[in-house]
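Spelled out from the first residue to the last, the chains are:
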Amino acid sequence: VESEGRRMVPPRDWHLMQYAQQLSHGSWAQRRLAFDYLRAGGSEEAARQLMLTADEYCAAASSEHEMDEAMALLLDLDLAAELGPAQCRKRSTALRAAGDIAGCLHWACQAEQMAAPARGHHVSELLESLAENDDELEAVLAALTPSDLGEPLT
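Residues numbered from 1 in each chain as written. Predicted model: local features only at pLDDT ≥ 70, side-chain atom pairs only at ≥ 80, totals over all residues. Heavy atoms only, no water.

Draft legend 1. Quick look at unusual backbone geometry. A positive phi angle, near 60°, is found at D78, a position not held by glycine. Here D78 lies in the loop between helix 4 (64-76) and helix 5 (80-97). Owing to a relative accessible area of 68%, D78 belongs among the exposed residues under this scheme. (Helix = DSSP H or I, 4+ residues; strand = E, 2+ residues; numbered from the N terminus. Buried < 20%, exposed > 50% of the residue type's maximum accessible area, 1.4 Å probe, protein only.)

Draft legend 2. Expanded view of the nonpolar core. Judged by nonpolar contacts, the single largest core of 35 residues is most densely connected at F35, A54, M71, L74 and L77. Mapped onto this core, the elements with two or more residues apiece are helix 1 (11-23), helix 2 (28-40), helix 3 (44-59), helix 4, helix 5, helix 6 (101-114) and helix 7 (121-131). The residues contacting L77, other than those within four sequence positions of it, are F35, R39, L50 and A54. (Core = buried A, V, L, I, M, F, W, Y, C linked by side-chain atoms within 4.5 Å. Contact = heavy atoms within 4.5 Å.)

Draft legend 3. The arrangement of helix 7 in detail. Those residues of helix 7 that sit buried are V123, L126 and L130. Projected onto a plane normal to the axis of helix 7, the buried residues spread over an arc of 60° and lie on a single side. Looking at helix 7, the residues exposed on the side facing more than 90 degrees away from the buried face are H121, E125 and E128. Those residues of helix 7 that are buried are in contact with helix 5, helix 6 and helix 8 (134-144). (Arc of directions from axis to C-beta.)

So, in structure tokens, the structure goes:
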């Protein structure tokens, strides 16, 4: 909407955006509801706030379940290729710092799957970096070694 040569947010979208912003500061479930309001908006401003809110929602995920839920939301919003790789890499880095090498590898692989096109560069660099540290290399080997060595590889 334009008024006197200035671009204005339509009143309906302004109200949707304000309510979504309030929900974004609530519980995890309330944050999720904010997307329904932002999706209902039709302006560029509502779309921009949707993207920012999605990025913040992913960053706020504090558990594997919440992170999985956030990634599913990105797929639903068609923002996975744009926001997913960076969020998965951040999660991977945090898990590595916490000593969770299996989780670190999982989210690094997720980042590559969401990237367009997926190439595996990040995972390759991560494995190289992990191999430089003896403790992390042991953790990688432990994470990738099957629990039953007699199990067929197929």
